[in-house]
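# Residue-level structure breakdown
What follows is the residue order along each chain.
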Amino acid sequence: MSEFRLQIRSARAMIWRAPDALETRLLAEAIQIADRLAGACRRTAASSRDATRNWVVEILDESNGVFYRFPVSGS
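All of the points below concern the structure found in this document. (Residues numbered from 1 in each chain as written. Predicted model: local features only at pLDDT ≥ 70, side-chain atom pairs only at ≥ 80, totals over all residues. Heavy atoms only, no water.)

### Quick word on the nonpolar core
- Within the largest apolar cluster, 14 residues are counted, with the highest numbers of intra-cluster contacts made by L6, A34, V57, I59 and V72.
- Breaking this core down by element, the ones donating at least two residues are β1 (5-9), α1 (27-42), β3 (56-60) and β4 (66-71).
- Here the element with the most residues in this core is α1; it accounts for four residues.
- Those residues in contact with V72, other than ones at most four positions away along the chain, are A38, C41, R42, T52, W55, V56 and V57. (Core = buried A, V, L, I, M, F, W, Y, C linked by side-chain atoms within 4.5 Å. Buried < 20%, exposed > 50% of the residue type's maximum accessible area, 1.4 Å probe, protein only. Helix = DSSP H or I, 4+ residues; strand = E, 2+ residues; numbered from the N terminus. Contact = heavy atoms within 4.5 Å.)

Written out as structure tokens, the structure reads:
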């Protein structure tokens, strides 16, 4: 079984990384959470949209490799 962790990155920097693994070990649930997080990032104030347009929400696997990537602007 895999553990998944979420993070948000921009092209230049780490924005946020979850301190703990998700409470699910199901990839489908982890993807659903990542998609919702990307949607929340998309609903920023108009003045912040330029800053968030190159963000991506990523799911990391146990070895911190990127398992899934969801662009905020393309969601």
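After that view, the rundown keeps rolling.
### Side note on the side chain of T24
- Position of T24 relative to the elements: it lies in the loop between β2 (14-17) and α1.
- A polar atom in the side chain of T24 sits 2.6 Å from the side chain of E29. (Polar contact = N/O pair within 3.5 Å; in protein donor to acceptor, adjacent residues only side chain to side chain.)

### Considerations on the environment of I31
- Here I31 is to be found in helix α1.
- Measuring from C-alpha to C-alpha, the distance between I31 and F70 comes to 8.8 Å, with 39 residues separating the pair along the chain.

### Remarks on the sheet that holds β3
- The strand order β2-β1-β3-β4 describes an open sheet built from four strands, whose pairing is antiparallel. At either end of the open sheet lies a strand with only one pairing partner, and these are β2 and β4. In this sheet, neighbouring strand axes are inclined to one another by 20 degrees on average, regardless of whether the strands run parallel or antiparallel.
- Alignment of β1 against β3, held across five bridges, turns out to be antiparallel. Residue pairing for β3: I8 is matched across the bridge by V57. (Pairing = 2+ DSSP bridges. Axes fitted to C-alpha atoms, helices over the stretch in contact; angles between N-to-C directions.)

### Considerations on the pairing of β2
- By the bridge criterion, three bridges tie β1 to β2 in an arrangement that is antiparallel. Bridging from a neighbouring strand, Q7 pairs with R17 of β2.
- Taken together, β1 and the strand that follows it, β2, pair antiparallel across an intervening segment of four residues.

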